[in-house]
Amino acid sequence: MFDRLSNRLQTVFRNLRGQGTLTEKNIQDALREVRLALLEADVHYATAKAFIDRVKEKSLGTEVLSSLTPGQQLIKIFHDELTALLGGEHREFDLRAIPSQVMMLGLHGSGKTTTSGKLARLWKKQGKKVLLAACDIRRPAAVEQLEVLAGQTGAGIIKPEPGESVPDLGRRALHHARENYYDIVVYDTGGRFQIDEELVAELTALRNAVEPQNVILVLDAAIGQESVSVAKTFHEAVGLTGLVMTKLDGDARGGAALSVVSVTGCPILLTGVGERAEDLEPFHPDRMASRILGMGDVISLVEKVQESIDADEAVRIQEKFKAKGELDLEDFLAQMKQIRRMGSMGKLLELIPGMGSIAENVRNKMLGEGEVRAKKTEAMIQSMTPRERRHPDIINASRRRRIAKGSGCEVSDLNELLRGFKQAKQMAKRMKQMGRKMPRGFGGLGGMPPFGPR
Ligand SMILES: Nc1nc2c(ncn2[C@@H]2O[C@H](COP(=O)(O)OP(=O)(O)O)[C@@H](O)[C@H]2O)c(=O)[nH]1
Ligand SMILES: [Mg+2]
């Protein structure tokens, strides 16, 4: 969504990252580039200016930490400020009351009805009982659209009766929710192509009638700069508690998201990233800032890896490899321990481009599997005698059974480990024949997978 902004900023930061010392000029140049990039990405000029001023102020007043280069430190300041600009903390809907009420408002076509359906699906999955109230009373098609969504998600629906006003409909829905033990009521209101007095009067009347804890403005990211004035007007007229940005799957420049948060002071709670009911993503300011700044790139992954790898150990393995021209399972174990030492795999995964957007449960599952595999591999190698580790070729069938038993693994696990190891060894040998120097760290064992065989 912020692709273009991200690309431009990444170029700026790649240059900064390499700088051992930063001069006033470096900083000025970087700030100018960033300001231009922000403006180009649809960030409101006042927001961009305030942002740059804050970064400038902070970077001048900050002591350079010894563990960071000045370039890294400046990037950190950018990251912190951008996170603050995007709202700071991740925020949720206020769902403490029973029933909790969520009023959706916004311009025509912004995605109110679609998002209402998405929310119903999300909350139903969390075991909540959800009621949708079709408050777009002038368009029969809008009621039908919501009815279909209610049917798909298993939510309840309240439809307008002939001659019923919006506040009356709202009150009836709330009453129905109380009587029937609903957890959440979502009011899907009507919109206009522009905000006018009639719309504001209708929304205010509904708000006063039901007093929702959540008043959510749905904004179409594609309208760019215009969303700033739309958000401002709605906020002043009705009073908002949160924002949803839709259509961020399109080619929207996304910068408006930054501006609306700073203009309204309301957090973005969710983003819409497609037309399907599941195309809804929670909004995390710090993750978004990382993505925009390109901190989630391979470069920082490599940097982290290099920093945490025990340099001496790496040298030792290299020396040994050079002396023997061969790898053994002891090297493998040492390398594995280093990788484990680097700490939480979760942190590392976040640095891999694209991983951030993979659903959390999928990620956790992958993480779980990786950890289990690493533990298994370690246990198996530890169950081997030193001789076996140094000369894996002697591990015959009976030794395999003993090792498997000793480590609580299956023989098939061990077979896989040995097969994977053999491949890595051959690869390392080939690299040596090619006369290439062994790279430090990960690649040091010739592309050996960090967690051994699957
Ligand atoms: N690509 C994309 N389309 C969306 C998204 N949210 C809504 N839409 C589409 O935008 C159009 C208008 O949505 P609708 O919910 O009817 O808007 P409303 O008038 O505010 O209720 C529909 O065609 C939706 O499918 C989104 O996040 N991404
Ligand atoms: Mg609608």
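Residues numbered from 1 in each chain as written. Chains lettered and ligands numbered in written order. Predicted model: local features only at pLDDT ≥ 70, side-chain atom pairs only at ≥ 80, totals over all residues. Heavy atoms only, no water.

Description of the environment of L418
Turning to its location among the elements, L418 is positioned in helix α19 (residues 411-433). Judged by its relative accessible area of 10%, L418 falls in the buried class. Spatially, the C-alpha atom of L418 lies 9.2 Å from that of D393, the residues being 25 residues apart in sequence. Apart from the residues lying within four places of it in its own chain, the contact partners of L418 are L329, P392, I395 and R400. (Helix = DSSP H or I, 4+ residues; strand = E, 2+ residues; numbered from the N terminus. Buried < 20%, exposed > 50% of the residue type's maximum accessible area, 1.4 Å probe, protein only. Contact = heavy atoms within 4.5 Å.)

Quick notes on the nonpolar core
Judged by nonpolar contacts, the single largest core of 68 residues is most densely connected at Y187 and F234. Setting aside residues up to four positions removed in sequence, F234 forms contacts with L105, G106, L107, I195, L199, L203, L217, G239 and L240. Counting residues in each nonpolar core, the second largest holds 21 residues, with F93, M104, W123 and A155 among its members. (Core = buried A, V, L, I, M, F, W, Y, C linked by side-chain atoms within 4.5 Å.)

Comments concerning the site of ligand 1
Residues in contact with ligand 1 amount to 17 residues; listed here are only the nearest, K112, T113, T114, D249 and E275. One nitrogen or oxygen atom from the main chain of G109 is found 2.8 Å from an oxygen atom belonging to ligand 1. Within the contact set of ligand 1, an oxygen atom lies 2.8 Å away from a side-chain nitrogen or oxygen of T113. Its free accessible area being 580 Å², ligand 1 has 79% of it covered by the protein chains. When residues in the shell around ligand 1 are grouped by element, the largest group, 4 residues, is from helix α5 (residues 112-125). Taken together, the residues of the shell around ligand 1 sort by class into 2 nonpolar, 10 polar and 5 charged. (Near = heavy atom within 4 Å. Polar contact = N/O pair within 3.5 Å; in protein donor to acceptor, adjacent residues only side chain to side chain. Areas by Shrake-Rupley, 256 points an atom, 1.4 Å probe, with all protein chains shown as cover. Nonpolar A, V, L, I, M, F, W, Y, C, P; charged D, E, K, R; others polar.)

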